[in-house]
Amino acid sequence: MSTTQAPPLWRQLQAAAAALQAVRAGQSATTALATVAPALRPAAQALLFHALRQLGRAEALRSLLAKRAPAPPVDALLCLALALVWDEANAPYTPFTLVDQAVEAARRGGARAQSGFVNACLRRFLREREALVATSARDPVAQWNHPRWWIARMQRDWPQDWQAVLRASDHAAPLTLRVNRRRSTVAAMQARLQAEGIAAQPIGDDGLLLPRPRPVPELPGYAEGAWSVQDAAAQLAAPLLLQGLARPTDRPLRLLDACAAPGGKTAHLLECADAELTALDVDPARCARIHENLARLGLAAEVRAADAADVAAWWDGRPFDAILLDAPCSASGIVRRHPDVRWLRRESDIAQLVVQQDRLLQALWPLVAPGGRLLFATCSVFPAEGRERIETFLAHHSEARLLPSPGHLIPCSAAAAPAVPDNRPRDNDGFFYSLLEKGPR
Ligand SMILES: C[S@@+](CC[C@H](N)C(=O)[O-])C[C@H]1O[C@@H](n2cnc3c(N)ncnc32)[C@H](O)[C@@H]1O
């Protein structure tokens, strides 16, 4: 995690603890890390992500060591240190180094007056590690590192798989690239990586999985648009929507990506098909990211900032041959990459998101041409944001037909066949896909 030029560990710990405090106060990790000095940011992110994946355990240990929570900056530093040190087999530093540097971080920062307290707690933890870890394990939040409501929901929704899914969430995701078909091929890109000593395995139609993640700027071809970073499950969207879709002979194919930012799936659609594509997103700042990504990849779309469900505000009245609705959701399927999500979400958010998902489905379905398709997608592992939405929709739309679809892609599930080709360990994010076809007029 550290190199000879890296800032001292105590400074990295200070930055990560400040970011952890911000996440605990409701900020996203991305926003919290944006305030960290660029030189410190990669190291602070690595420490923060490790801590967020072990936060349930760390908080349980802290409450065993100190019944009353100390002030938020001290508590964040203490929890960060406990998250990093508690599991010796997977700790990024030796216990001595970690405790020494955490105390130094307290001494040199805002928690100066509390450095003795931090020292006492951490040294007691090292002395009584076994007993404290065993006691903390009685708390499911400590054992599974997810909020109680989330664990209960997973147990109810996935009685066979919940443990495997929660366990997988505590590991960093592999780095998966999507090769830009218009600029390269999977084989050529694999060879290019190989030439630089970087192992990569083909996955799905366009993917390359790097078992040992690398910083993206270190990989060849990014700036020239040879590839994008995209999980294997997310790479299923474009082929699902396009394969077998009837192509008009007298005009270009008309596609809508209704919730498009930052443009990962928009770009994949355009890499796979010559089409006139409208990319919408309600967030103008995120629309800028679509523009950047398309420019880098050498692709073009009409990008508009609009509420996709407010059809009157943006639609020109011409039906679409195919619509991708990658709806806003809990993001419960991508917690490996965004370990803050599980701690930021509230159970009540799900009900609100479901309302949004239904509203978007209802508004966009009339825009599908007869014989055309709509692919409904969410990066969620909760059936409320997947299967249940489509069941409700189909119950009210007799002209809609469900085409063969992956449904819920549950990471590390014990189901018989992997949904992503060449992905036996199911090392993919959690996703949901349902492909609907509209009957002819
Ligand atoms: C799951 S993300 C989309 C990811 C994107 N499809 C990709 O592959 O890069 C969902 C997006 O929906 C947008 N969104 C939420 N509500 C929307 C609405 N009513 N209309 C259009 N976009 C919306 C959010 O701003 C967010 O960027």
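About the cut-offs
- Residues numbered from 1 in each chain as written.
- Predicted model: local features only at pLDDT ≥ 70, side-chain atom pairs only at ≥ 80, totals over all residues.
- Heavy atoms only, no water.
- Buried < 20%, exposed > 50% of the residue type's maximum accessible area, 1.4 Å probe, protein only.
- Helix = DSSP H or I, 4+ residues; strand = E, 2+ residues; numbered from the N terminus.
- Arc of directions from axis to C-beta.
- Contact = heavy atoms within 4.5 Å.
- Pairing = 2+ DSSP bridges.
- Axes fitted to C-alpha atoms, helices over the stretch in contact; angles between N-to-C directions.
- Right-handed = clockwise from strand over helix to strand, strands pointing away.

(A) Just helix 11 (residues 162-169), in detail. When we look at burial in helix 11, the residues that qualify are Trp 162, Val 165, Leu 166, Ala 168 and Ser 169. Along the axis of helix 11, the buried residues cluster in a sector spanning 160°; they form a single face. Where helix 11 is buried, its residues meet helix 3 (41-53), helix 9 (140-144), helix 10 (148-157) and helix 17 (341-344).

(B) Representation of the sheet that holds strand 2 (residues 201-203) in the model. Taken together, 4 strands build an open sheet; the order of strands is 2-3-1-4 and the sheet is antiparallel. Because the sheet does not close on itself, it has two edges, and the strands there are strand 2 and strand 4 (227-229). Along the sheet, successive strands turn relative to each other by an average axial angle of 35°, direction set aside. Relative to strand 3 (residues 207-210), strand 2 is paired through 3 bridges, and the arrangement is antiparallel. Paired with Gln 201 across the bridge in strand 3 is Leu 209.

(C) Structural detail: the pairing of strand 7 (residues 302-305). Relative to strand 7, strand 6 (residues 275-281) is paired through 4 bridges, and the arrangement is parallel. By the bridge assignment, Thr 278 is partnered in strand 7 with Glu 302. The parallel pair strand 6 and strand 7, bridged by helix 15 (residues 284-297), forms a crossover whose chirality is right-handed.

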